[in-house]
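One-letter residues, chain by chain:
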Amino acid sequence: MMLTTIGLMSGTSLDGVDVALIETDGKRIKAFGPSGYRPYTERERSVLRQALAEAVNLLERDARPGALREAERVVTLAHAEAVAAFRAQNRITSEAIDIVGFHGQTVLHRPDRRLTVQIGDAAALAKAIHIPVMFDFRGADVAAGGQGAPFVPVYHRALAQSLEREGPIVVVNIGGVSNITYIDGNDALIACDTGPGNALLDDFMYRTLRQPFDCEGRTAAKGAVDVAWVVEALKHPFFRLPPPKSLDRNDFASLKLQTSLPADGAATLTAFTAAAIAQVEPLLPKQPNSWIVCGGGALNLTMMNMLRERLAPATVETAEGLGWSGEAIEAQAFGFLAARGLKGLPLSYPATTGVPIPMTGGVIARP
């Protein structure tokens, strides 16, 4: 039975809430619906940044000390507003939606401690939007010893199956953290985080220029890459680990650039992200024929150029160029995962998160 779902995603880049409608049975995609976006205000971003800083000390998933309580309220309200605006703009009734997939905002991801924390009050959200909400997608995976990330490979596979091309295909999502899904036919599905995505670059742009991100990679395009710094940064032991593996947004935050010049810093951090993605290639079973880039990083022209240089002779293209909605893919994915969760289908696998057996997940909050 096909379901009509809304997926919600607020990523580690802290830019805002993505909303997307999708019709699916959790295996196939019948149709894509409209998508929307509700940006965070500067005040909301400030609260979330404070929550991220304080979350480092969390020991329990449900604890909300200090700024985390206010951040959870901010996240919940922003998502409720995003759904309300999306429904109004597209004239969609609450009765027309079977389930909403609510990822929440990750503030801490420490699978080595079997701890992953996504803030957002799903019960309050369900009451506000009058639609059942599925949340806590990652908890069961991490509790079972999995990495709990990346969590969209099953959706990437559903998308890739619609392409009539020879594999292997790699889908790269460049959000705050970068992750890949390796797809080779119906059998091989491998996934992992590859390293920093936009997080280091966004934080640097905010510190130096008070800009939330490097628009189209224009600042980086004017700068010079500190090659020695990138080489040194790539010595981090994470890059030698085989998939599956995952990261917290702040795992590389301690790295300090040697320059304060905005253009050189942006160029160096962009090169680091591209190099980190390329570092995963030798760890894959076969050399990919094509790489498909989605997420905010796909809009960064300098990033895309650097990836093409490092991944040649494979093709590197954007999800948008294939007719996919690059900005909405993760939101669509959580609508897709909500449908799978409702049907008890696996959300994660041993080769995607390292969980011992294929795992379903998600908890439902009803209005």
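The structure we're discussing is the one just above.
These notes cover the structure that comes with them. Keep in mind the model is a prediction, meaning the values are calculated, not measured.

Remarks on a nonpolar patch on the surface
- A surface patch of nonpolar side chains, about 230 Å² in accessible area, is lined by Val 225, Val 227 and Val 231.
- Residue Val 227 is classed as exposed on the basis of its relative accessible area, which comes to 54%.

Points about the pattern of salt bridges
- For the coordinates displayed, the defined rule picks out 16 salt bridges.
- Measuring nitrogen to oxygen at the nearest pair gives 2.9 Å for the salt bridge that ties Arg 73 to Glu 70. Here Arg 73 pairs with Glu 70, and both are found in helix α2 (residues 67-90), just 3 residues apart, close to one helical turn.
- Here Arg 73 falls in the partly exposed class, since its relative accessible area comes to 45%.
- A salt bridge links Lys 286 to Asp 184; the shortest N-O distance between them is 3.0 Å. Placement of the pair is Lys 286 in the loop between α9 (262-278) and β10 (290-294) and Asp 184 in strand β8 (residues 177-184), with a sequence separation of 102 residues.
- One continuous salt-bridge network, built from bridges that share partners, spans Arg 38, Glu 44 and Glu 81.

Some thoughts on the packing of helix α5 (residues 153-160) against helix α11 (residues 329-342)
- At a closest axis distance of 9 Å, the pairing of α5 and α11 adopts a crossing angle of 105°. Classified by the interaxial angle, the pair formed by α5 and α11 is roughly perpendicular. When α5 is examined against α11, the residues Val 154, Tyr 155, His 156, Ala 158 and Leu 159 are found in contact with a partner set consisting of Ile 329, Gln 332, Ala 333, Phe 336, Leu 337 and Arg 340.
- Per-class residue counts for the contact of α5 with α11 are 8 nonpolar, 2 polar and 1 charged.

What about the environment of Phe 135?
- Looking at the element boundaries, Phe 135 is found in strand β6 (residues 133-135).
- Overall, Phe 135 belongs to the partly exposed group, its relative accessible area being 25%.
- Residue contacts for Phe 135: discarding those within four places in its chain leaves Phe 102, Ala 122, Gly 362, Val 363, Ile 364 and Ala 365.

Section: the packing of aromatic side chains
- Applying the stated rule across the entire model yields 8 aromatic pairs.
- Geometrically, the ring pair formed by Phe 137 and Phe 334 is edge-to-face, given 5.2 Å between the ring centres and 70° between the ring planes. In this pair, Phe 137 is assigned in the loop between β6 and α4 (139-143) and Phe 334 in helix α11, connecting sequence segments 197 residues apart.
- Geometry around Tyr 206 places Arg 49 over its ring, the cationic atom sitting 4.0 Å from the centre.
- Sitting above the plane of the Tyr 206 ring, Arg 210 keeps its charged end 4.6 Å from the centroid.

Details of the pairing of strand β9 (residues 188-196)
- In terms of burial, β9 is largely enclosed, as 8 of its 9 residues are buried.
- Pairing between β8 and β9: 8 bridges, direction antiparallel. Residue Ile 183 lies in a different strand from β9, and its bridge partner there is Leu 189.

Observations concerning the layout of surface pockets
- Of the pockets and cavities examined, the largest pocket occupies roughly 950 Å³.
- Together, 48 residues line the largest pocket, and Ser 13, Asp 15, Gly 175, Gly 176 and Asn 198 are the ones closest to its centre.
- At the level of elements, β1 (3-10), α1 (42-55), β4 (99-110), β7 (169-174), β8, α6 (199-209) and α11 are the ones that each hand at least two residues to the lining of the largest pocket.
- Of the residues contributing to the lining of the largest pocket, the split by class is 17 nonpolar, 17 polar and 14 charged.
- Approximately 400 Å³ is the volume found for the second largest pocket.
- Together, 18 residues line the second largest pocket, and Leu 200, Asp 203, Arg 207, Asn 250 and Ala 253 are the ones closest to its centre.
- Sorting the residues of the lining of the second largest pocket by element identifies α1 and α6 as the ones contributing at least two each.
- With 4 residues, the single largest contributor to the lining of the second largest pocket is α6.

Criteria and cut-off values
- Residues numbered from 1 in each chain as written.
- Predicted model: local features only at pLDDT ≥ 70, side-chain atom pairs only at ≥ 80, totals over all residues.
- Heavy atoms only, no water.
- Patch = residues over 30% accessible without salt bridge, like charges linked within 9 Å, V, L, I, M, F, W, Y side chains within 5 Å.
- Areas by Shrake-Rupley, 256 points an atom, 1.4 Å probe, with all protein chains shown as cover.
- Salt bridge = Lys/Arg side-chain N within 4 Å of Asp/Glu carboxyl O.
- Buried < 20%, exposed > 50% of the residue type's maximum accessible area, 1.4 Å probe, protein only.
- Helix = DSSP H or I, 4+ residues; strand = E, 2+ residues; numbered from the N terminus.
- Axes fitted to C-alpha atoms, helices over the stretch in contact; angles between N-to-C directions.
- Parallel < 35°, antiparallel > 145°, perpendicular 65-115°, else oblique.
- Contact = heavy atoms within 4.5 Å.
- Nonpolar A, V, L, I, M, F, W, Y, C, P; charged D, E, K, R; others polar.
- Phe/Tyr/Trp six-rings, centres within 6.5 Å; stacked < 30°, edge-to-face > 60°.
- Lys NZ or Arg CZ within 6 Å of the ring centre and 35° of its normal.
- Pairing = 2+ DSSP bridges.
- 1 Å grid on protein atoms, 1.4 Å probe; cavity = no way out; pocket = protein on both sides within 12 Å on 5 of 7 lines; lining within 4 Å.
- Points joined across faces, edges and corners; volume = space filled by probe spheres on them.

Interpretation in functional terms is not warranted from these geometric data alone.
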